Amino acid sequence: MQGFLVACLNALVANPDGFLEQLTGHWPAEKPRGRPRKATSPPGDSDKTNNAPSS
């Protein structure tokens, strides 16, 4: 495994653009970064969270 990685790194150093171009079909799908967005509540739900009595 180490020999394979060394060979890949040597090929990358020798021809970065050509080496990376050969990998274009093998990259994994990009994943979203960060935390997921908070779920938004439907309009009118804010009244249910207000516990203060209305006068």
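Since the structure is predicted, the reported quantities are computational estimates derived from the model, not experimental observations.

Caption draft 1: View of the overall build of the chain. Each helix and strand counted, the chain has three helices and zero strands in total. Buried residues in the chain amount to 2% of all 55 residues. Working note: accessible area of the chain is about 5,900 Å², and carbon and sulfur atoms make up 57% of it.

Caption draft 2: Region of the structure containing the confidence of the model for the chain. Here the chain shows a mean pLDDT of 83. Residues at 70 or above account for 75%. Across the chain, helix α1 (residues 2-14) holds the top mean pLDDT of 96, while helix α3 (residues 46-49) sits lowest at 57.

Caption draft 3: Up close: a nonpolar patch on the surface. On the surface, a cluster of nonpolar side chains totalling about 390 Å² of accessible area is made up of Met1, Phe4 and Leu5. Position of Phe4 relative to the elements: it lies in helix α1.

Cut-offs used in this document
Counting restarts for each chain, with residues numbered from 1 along the sequence as it is written. Predicted model: local features are reported for residues with pLDDT of at least 70 only, side-chain atom pairs are reported and counted for 80 or more only, and whole-chain, interface and lining totals are derived from all residues. The basis for every side-chain value is the complete set of heavy atoms in the structure, and neither hydrogens nor water enter the calculation. Secondary structure elements follow DSSP: runs of H or I no shorter than four residues count as helices, runs of E no shorter than two count as strands, and numbering proceeds from the N terminus. Think of it in three bands: with a 1.4 Å probe and only protein chains considered, a residue is buried below 20% of the maximum accessible area for its type, exposed above 50%, and partly exposed in between. Here the open area of atoms and residues is found with the Shrake-Rupley method and a 1.4 Å probe, where only the protein chains shown may cover a residue. The pLDDT score gives, residue by residue, the confidence of the prediction method on a 0 to 100 scale. Patches in this entry comprise residues that are over 30% relatively accessible and not in a salt bridge; like charges within 9 Å are linked, as are nonpolar side chains (Val, Leu, Ile, Met, Phe, Trp, Tyr) within 5 Å. The term salt bridge refers to a pairing of a side-chain nitrogen on Lys or Arg with a carboxyl oxygen on Asp or Glu at a separation within 4 Å.

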